[in-house]
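Below, each chain spelled out in residue letters.
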Amino acid sequence: MKNPEVELKLPVIPDIELTATKTAEVISKHMNLSEEKTGEISMAIIESCINAFEHSKTKEIYIHFIVSDDKLTVKVIDRGTGFDKSKVEIPNIENKLKADARKRGWGLQLVAELMDTVEYDSNESGTTVTMTKKKENNE
Amino acid sequence: MSDTIKNIEEKSGVVVISTNGYFNNIAGDAVLEVFNQKMESGNTKFLIDMADSKVVNSIGVSILIEIIEKLQAVDGKMAFTNLAGIVEKTFNIMGITKYCEVYESIEVGIEKLS
């Protein structure tokens, strides 16, 4: 199959996000994506899963991989409480190093930097993160 | 020693902590625990060997920021070695590499830190 779609349904249990990264590795290999891009996709999936687990109060999440000729699209979907992205502070390490500062809160920033495009669709019935990684002509 | 810490050794005044597997909150806490023990014993130079931790998450890495903060208070140093490409990129994005050097091997790390 040239352009397969893969769907995962993951329960919220420790480290289950690694199941999604294994799937991402297989799909990236199918698409001939570089090792660097595969790592970036996997890391973005890990962070999106963790965000969903921690903030949506849901018991399961869904991950869709959509392969096309020029890119991989990954959707991470939860049916939890949703969030307002505009209220999420952009982190920087200088602020994090201040005494008593919360050290966490890097997920959205990492996903934004690791993927080519990222969109968040969030409301009171859940959140869908849609992210893409382009495939170069020589891949 | 835990599942997430493969080895701890001290060479030339540098504590080398070798991690194992997924570097998540559990692994981060395990490194922090070793760090705290060694700090109490007077150590201020740390090299984290991540040859066997090819996958990280930001919660685990955030715990390293706590270690950087503690080391700043005593003029200590932490560095990393054997980082996978995506791990080094993650450290760059989070700013870890502004405060910690990355070395190509344990031997070089010990030499530079000691």
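Moving on: the pairing of strand 2 (residues 14–20) of chain B. Residue and element names in this part refer to chain B. Burial analysis of strand 2 places six of its seven residues in the buried class, which makes it a mostly covered element. Here strand 1 (residues 5–11) runs beside strand 2; their pairing, made up of six bridges, is antiparallel. Bridge assignment links I5 to a residue of strand 2, and that residue is T19. Where strand 2 meets strand 3 (residues 45–52), five bridges bridge the pair, whose relative direction is parallel. Residue pairing in the sheet places N20 in a bridge with D52 of strand 3. Running through helix 1 (residues 25–40), the crossover from strand 2 to the neighbouring parallel element strand 3 is right-handed.

The subject of this paragraph is the interface of chain A and chain B. Between chain A and chain B, the contact holds 26 residues from the first and 22 residues from the second. Between chain A and chain B, the buried area comes to about 2,000 Å², and carbon and sulfur atoms account for 68% of it. Interface area lost by chain A to chain B is led by A:I93, A:L97 and A:K103, which between them contribute 30%. Where chain A touches chain B, the interface holds four salt bridges. Put simply, A:K103 and B:E69 hold a salt bridge, and the shortest N to O gap is 2.3 Å.

On to the nonpolar core. Core analysis: the biggest nonpolar cluster contains 38 residues, and B:M50, B:L64, B:M78, B:F80, B:F91 and B:I96 have the highest contact counts within it. Elements that contribute at least two residues to this core include exactly helix 4 (107–114) of chain A together with strand 2, helix 1, strand 3, helix 2 (58–73), strand 4 (77–81) and helix 3 (85–94) of chain B. When residues of this core are assigned to their parent elements, the largest contribution, seven residues, is made by helix 2 of chain B. The residues touching B:F91, leaving out its near neighbours within four places in the chain, are B:M50, B:V61, B:L64, B:F80, B:L83, B:I96 and B:T97. Grouped together as the second largest cluster of nonpolar side chains are 25 residues, A:A44, A:F65, A:L72 and A:V111 included.

Among the structural elements, B:S58 can be located in helix 2. A polar side-chain atom of B:S58 sits 2.5 Å from a polar atom in the side chain of A:E47.

Next up on the list: the side chain of A:K103. Position of A:K103 among the secondary structure elements: in the loop between helix 3 (93–96) and helix 4. On the basis of relative accessibility, which here comes to 11%, the residue A:K103 falls in the buried class. At 2.3 Å, the side chain of A:K103 forms a polar contact with the side chain of B:E69. If we ignore the near neighbours within four places in the chain, the residues touching A:K103 are A:K96, A:L97, A:K98, B:S62, B:I65, B:E66 and B:E69.

The subject of this paragraph is helix 5 (residues 106–113) of chain B. Residues spaced three or four apart along an α-helix face the same direction, because each turn holds 3.6 residues. All names here are of chain B. For helix 5, every residue scored as buried is listed here: I106, G109, I110 and L113. Seen along its axis, helix 5 keeps its buried residues to an arc of 95 degrees; they face one direction. For helix 5, the exposed residues set more than 90 degrees away from the buried face come down to E107, E111 and K112. Structurally, helix 5 contributes buried residues whose contacts are with strand 1, strand 2, strand 3, strand 4 and strand 5 (102–103).

What follows is about the pattern of salt bridges. Opposite charge on two side chains lets them pair, provided their charged atoms get close. Taken as a whole and judged by the stated rule, the model has 11 salt bridges over all chains. For A:K9, the salt bridge is made with A:E60, and the minimal N-O distance between the two is 3.9 Å. In this pair, A:K9 is assigned in strand 1 (residues 5–11) and A:E60 in strand 2 (residues 60–67), connecting sequence segments 51 residues apart. By relative accessible area, A:E60 is classed as partly exposed at 28%. Residues joined in a network through salt bridges with shared partners are A:E36, A:E40, A:K133 and B:K89.

All names here are of chain B. Mapped onto the elements of the fold, L47 is located in strand 3. Its relative accessible area of 0% is what places L47 among the buried residues. For the pair formed by L47 and G109, sequence separation is 62 residues and the distance between their alpha carbons is 6.7 Å.

Once that is clear, we can look at the confidence of the model for chain A. Per-chain confidence: chain A averages 94 in pLDDT, with 100% of residues scoring 70 or above. Across chain A, element-level confidence peaks in strand 3 (residues 71–78) of chain A with a mean pLDDT of 98 and bottoms out in helix 3 of chain A with 93.

Rules of the game
Residues numbered from 1 in each chain as written. Chains lettered and ligands numbered in written order. Predicted model: local features only at pLDDT ≥ 70, side-chain atom pairs only at ≥ 80, totals over all residues. Heavy atoms only, no water. Buried < 20%, exposed > 50% of the residue type's maximum accessible area, 1.4 Å probe, protein only. Helix = DSSP H or I, 4+ residues; strand = E, 2+ residues; numbered from the N terminus. Pairing = 2+ DSSP bridges. Right-handed = clockwise from strand over helix to strand, strands pointing away. Contact = heavy atoms within 4.5 Å. Buried area = accessible area lost by both parts, 1.4 Å probe. Salt bridge = Lys/Arg side-chain N within 4 Å of Asp/Glu carboxyl O. Core = buried A, V, L, I, M, F, W, Y, C linked by side-chain atoms within 4.5 Å. Polar contact = N/O pair within 3.5 Å; in protein donor to acceptor, adjacent residues only side chain to side chain. Arc of directions from axis to C-beta. pLDDT = per-residue confidence, 0-100.

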